[in-house]
Amino acid sequence: MAYALFWGCNIPARLPGYEKEARAVLSALGVLYSESRRFACCGYPVRPADRLAWLVSAASNMAVAEKAGRDLLVLCQCCYGSFKNAAAALAADPGLAARVNEILASQGLRYTGSCRIVNVFRMLHDEIGIDAIKEKVTRPLTGIAAASHTGCHSLRPSRVTEFDDPLHPKILDNLISALDATSLDYPKKLECCGAPLTGSDDALSVKIMADKLISAKKAGAEVLVTACPWCQIQFETFGGQLEGDALPPLPYLRLLGLAMGIVQDDTGLFSERSREVAGASDKDAGRTGVKVKNKSDTDIIDAGETNV
């Protein structure tokens, strides 16, 4: 299956290194994807202030993917939640969907609900598969104790997001275990990272984040594995304030790249712990740096012009 890949705003603007690593990992796993210059914000930031603006922004991206005949592959949990909630709202209210399509018509777009909204972690878990991921691991992370942080927007409301069990999520834990690391349970596993409160109540935002990191560290975690770039930014930005209670945050796709030997370890946490499996050479694993598929090799779509 070829996807229309939606990066969202935070990854290209604030985590450019992560974008390179994600491209390398998806390429190594054989995931076919294309990109569009017409993709815009998912609409999440305006959802509380202007419902119609949120729906138009979300629907425009889904309409671009539909016009290209691709399912929408989403790497950000906030964006994923925004799309799933928008799709549910438009499906439940034909009049509202008609109003949104009146606005989209000026862009040459129409949203019908025909494309799937695919979370990258469910794609890895269900479509690539745990066994296939294990076969790609050249440097198993044996003995690494990890605490998973899935992110709220993909879990709730679960009847809409259709991602994982909101009370006992396992997808990210299974993906961590596939790398031979140990995914720990910890009391604050389901708690928010605090990012939505940044700017309105910074002290409470940092407290929520700190409580989570301390809970994970007390459970024995050496690293916090995140599934959402917005949460990753929260932990990177404010986690260092905790000094002795700090826990390094790491996006799962970066952890996967480390285990596959295609991403360099700049933390020092894994270099001495992980061991190369028999038969895997440095040359084959590409350990001189991140392998990034040239953008010219990627099928760039622009549904308004080429209608791929």
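Structural data are supplied above this passage.
Residues numbered from 1 in each chain as written. Predicted model: local features only at pLDDT ≥ 70, side-chain atom pairs only at ≥ 80, totals over all residues. Heavy atoms only, no water.

**A closer look at the overall build of the protein**
In terms of helices and strands, the protein carries 13 helices and nine strands. Burial statistics for the protein: of 308 residues in total, 54% are counted as buried. Excluding contacts between residues fewer than 6 apart, the proportion of contacts in the protein whose partners are at least 24 apart in sequence is 79%. Put simply, the protein shows about 13,400 Å² of open surface, and 51% of that area lies on carbon and sulfur atoms. (Helix = DSSP H or I, 4+ residues; strand = E, 2+ residues; numbered from the N terminus. Buried < 20%, exposed > 50% of the residue type's maximum accessible area, 1.4 Å probe, protein only. Contact = heavy atoms within 4.5 Å. Areas by Shrake-Rupley, 256 points an atom, 1.4 Å probe, with all protein chains shown as cover.)

**Observations concerning the pattern of salt bridges**
Applying the stated criterion across every chain, the model contains eleven salt bridges. Between Arg254 and Glu21 there is a salt bridge, with the nearest N and O atoms lying 2.6 Å from each other. Pair noted here: Arg254 is in helix α12 (residues 252-260) and Glu21 is in helix α2 (residues 16-28), with a separation of 233 residues, a long-range link. (Salt bridge = Lys/Arg side-chain N within 4 Å of Asp/Glu carboxyl O.)

**Here we look at the pairing of strand β2 (residues 32-36)**
Two faces belong to every sheet, and in a regular strand the side chains alternate between them. In terms of burial, β2 is a largely internal element, four of the five residues being buried. Bridging between strand β1 (residues 2-6) and β2 involves three bridges; their strand directions are parallel. Each bridged residue has a counterpart across the sheet, and for Tyr3 the counterpart in β2 is Tyr33. (Pairing = 2+ DSSP bridges.)

**Describing the sheet that holds strand β8 (residues 249-251)**
Pairing is parallel across the open sheet formed by four strands, whose spatial order is β6-β5-β7-β8. Strands with a single pairing partner mark the edges of an open sheet, and in this sheet they are β6 (182-184) and β8. Ignoring strand direction, the axes of neighbouring strands in this sheet form an average angle of 40°. Summarising the sheet, strand β7 (residues 223-226) and β8 pair through three bridges and their orientation is parallel. Across the sheet, residue Leu224 finds its bridge partner in β8, namely Pro249. (Axes fitted to C-alpha atoms, helices over the stretch in contact; angles between N-to-C directions.)

**Side note on the environment of Leu5**
Position of Leu5 relative to the elements: it lies in strand β1. In this structure, the C-alpha to C-alpha distance between Leu5 and Tyr33, residues 28 residues apart in sequence, is 5.9 Å. Beyond its immediate stretch of four places on either side in the chain, Leu5 contacts Leu26, Tyr33, Ser34, Glu35, Phe39, Leu73 and Leu75.

**Description of the packing of aromatic side chains**
On inspection of all chains with the given rule, the structure shows five aromatic pairs. Geometrically, the ring pair formed by Phe6 and Phe83 is edge-to-face, given 5.0 Å between the ring centres and 80° between the ring planes. Separated by 77 residues along the polypeptide, Phe6 in strand β1 and Phe83 in helix α4 (residues 77-92) bring together distant segments of the chain. Assigned by exposure class, Phe6 and Phe83 land together as buried. When the ring of Phe121 is compared with that of Tyr252, the centres are 6.2 Å apart and the planes differ by 70°; the resulting orientation is edge-to-face. Residue Phe121 is located in helix α6 (residues 120-136), and its partner Tyr252 is located in helix α12; the two are separated by 131 residues in the primary sequence. With a relative accessible area of 0%, Tyr252 lands in the buried category. Members of the aromatic cluster, joined through ring pairs, are Phe6, Phe39 and Phe83. When the ring centre of Trp54 is taken as reference, the NZ or CZ atom of Arg47 above it lies at 4.5 Å. (Phe/Tyr/Trp six-rings, centres within 6.5 Å; stacked < 30°, edge-to-face > 60°. Lys NZ or Arg CZ within 6 Å of the ring centre and 35° of its normal.)

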